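Observations on the three-dimensional arrangement
So the chains spell out like this:
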Amino acid sequence: MGFGIYVHIPYCLQRCTYCDFATYVHSEILPPHEYFSLLKKEAAFSAHLFPKGSLSTLYFGGGTPSLVDSELIVDLIQNLNNLGFKTGPETEITLEINPATLNPQKMENYLKAGINRFSVGAQTFSDSLLKSVNREHNSRQTRETLSFLKSYNVNYSFDVLFALPGQSLDDLGRDLDEVSKFKPQHVSPYCLTVPEGHPLSKVRLSEDLQVKMFELIDRRLKQAGYQQYEISNYCLPGRESRHNTLYWTDQAYWGVGLSAHSYAPWVGQFGRRFWNPPSIGAYQSLIGGLPQKTQSPGSHLPESLREDLLIHQSLTDYCHTFLRTDSGLSLDHLETKYGEPIALKIAAILKSQADLGLVKTDDEARYSLTTEGKLVSNQVYAALTFLEGEISL
Ligand SMILES: C[S@@+](CC[C@H](N)C(=O)[O-])C[C@H]1O[C@@H](n2cnc3c(N)ncnc32)[C@H](O)[C@@H]1O
Ligand code: SF4
């Protein structure tokens, strides 16, 4: 089993209209060096509760990790090593980057510290669309950042945000041309999602156009040699994000920093999920007032910020996350975790979804979504959502 650490860096140059992540305009919260002191305090407080030794993955997400002084990132990696979480060439270390925030000095520091994967928030190459959602950079700067990464011959990914208000299929086609041109090892196409009532929800693209966009992305990326290994993620062979794969395959991760989520599968019968508060004031008070010792992961957090999973919650999460992946849900693996009667129940549900053409299976009893199933995945997930009392061992 792998184990990874996520570190949240909540600084941004500006706030994009659609963004719901816990982030702030950099000048509006405590200076980064103070925030990094809190990160180190949090890490030291709980380090004894997580698996030591060689770390599978380390992910700096945000926010805009490339905005803060690179020395702070380097120092944090060293700090985690000192705490026993060893990083080496075998560790996938990812840093999220916004266009126009890199320079050669930063890059050299990152590479020296072992960062070996970069994820760029390109979003779209249409300057007018970038502007319409309050992005700070333009497409020329994105191209410069991508060319800069390419010149170092490093492993990098970029995010494509689609279904932006006013976006046409041709606009999206031009963004996909850029993927073919730069050929990053990994691409994450995300469909714009905003809650009801959000200003952008009033100008949402039609369902029909969104489906056409999904289909265009899938066709173009597959033609360019990418495989869809997860609903929103494509990669060249062997270039899956190992960190995100932890999230989809029931493996342990520890989130440090504002709003960061953790999963400790070994706590209780079905594991514990816990998460830090999303507002900076609450996070500062939490870390400032940490007790002397904590007994188990997340036990220092109030009950509203942690959940010891009951069987129906664990099984629901298990089915939903594995089904996001192309390698799918293995009934044998599920049976090892939950036992035969539950595996039989899930097999029957998956078979009924297969009869509808939404799920397919292979010789090893691994189930995954069909192309049609991906388009109506909510329907499949609804059939695999369990209520309290519905499942027992
Ligand atoms: C944690 S964000 C940080 C990325 C980076 N700060 C940036 O904006 O370039 C990671 C990705 O989530 C996606 N994202 C953010 N808000 C979204 C939304 N409302 N709907 C869909 N995808 C979203 C964007 O593609 C973004 O690159
Ligand atoms: S730069 Fe990224 S993290 Fe920051 S507000 Fe925009 S989308 Fe959100």
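**What about the site of ligand 1?**
The immediate surroundings of ligand 1 are formed by 18 residues, with Tyr-18, Gly-121, Asp-159, Tyr-190 and Thr-193 found nearest. Of the residues in the shell around ligand 1, the class split is seven nonpolar, eight polar and three charged.

**Some points on the sheet that holds strand S17 (residues 329-330)**
Here three strands make up an open sheet; going across it, the order is S17-S19-S18 and the pairing antiparallel. Looking at which strands have only one partner, the edges of the open sheet turn out to be S17 and strand S18 (359-361). Looking at chain direction, S18 and strand S19 (residues 366-369) are connected through three bridges and run antiparallel. Each residue of the ladder has a partner; that of Lys-360, found in S19, is Ser-368.

**Description of the environment of Lys-181**
Along the chain, Lys-181 falls in helix H6 (residues 169-182). Lys-181 sits 211 residues away from Ser-392 along the chain, and the two C-alpha atoms are 52 Å apart.

**Concerning helix H7 (residues 207-223)**
Over its 17 residues, H7 extends 24 Å from the first C-alpha to the last, a length consistent with the 24 Å expected when each residue adds 1.5 Å. The set of residues buried in H7 consists of Met-213, Ile-217 and Leu-221. Along the axis of H7, the buried positions cluster into a sector of 45 degrees, meaning they face one direction only. Turned more than 90 degrees from where H7 packs its buried face, Asp-208, Val-211, Arg-219, Lys-222 and Gln-223 sit exposed. Structurally, H7 contributes buried residues whose contacts are with strand S9 (155-162), H6, strand S10 (186-191) and strand S12 (233-235). Gly-225 lies just past H7 and shows a positive phi near 100 degrees.

**Considerations on the packing of H6 against H7**
In a pair of packed helices, the angle between the axes and the distance between the axes together describe the arrangement. One way to put it is that H6 packs onto H7 with a least axis distance of 10 Å and a crossing angle of 25 degrees. Considering the angle they form, H6 stands roughly parallel to H7. H7 is crossed by H6, and the crossing has right-handed handedness. Listed contacts from H7 to Leu-169, Leu-172, Gly-173, Leu-176 and Val-179 of H6 are Lys-212, Met-213, Leu-216, Ile-217, Arg-220 and Leu-221. Grouping the constituent residues of the contact of H6 with H7 by class yields eight nonpolar, one polar and two charged.

The rules we used
Residues numbered from 1 in each chain as written. Chains lettered and ligands numbered in written order. Predicted model: local features only at pLDDT ≥ 70, side-chain atom pairs only at ≥ 80, totals over all residues. Near = placed C-beta within 6 Å. Nonpolar A, V, L, I, M, F, W, Y, C, P; charged D, E, K, R; others polar. Pairing = 2+ DSSP bridges. Helix = DSSP H or I, 4+ residues; strand = E, 2+ residues; numbered from the N terminus. Expected span 1.5 Å × (residues − 1). Buried ≥ 20, exposed ≤ 12 C-beta atoms within 10 Å, placed from the backbone. Arc of directions from axis to C-beta. Contact = placed C-beta atoms within 7 Å. Axes fitted to C-alpha atoms, helices over the stretch in contact; angles between N-to-C directions. Parallel < 35°, antiparallel > 145°, perpendicular 65-115°, else oblique. Left-handed = near helix turned anticlockwise from the far one by under 90°.

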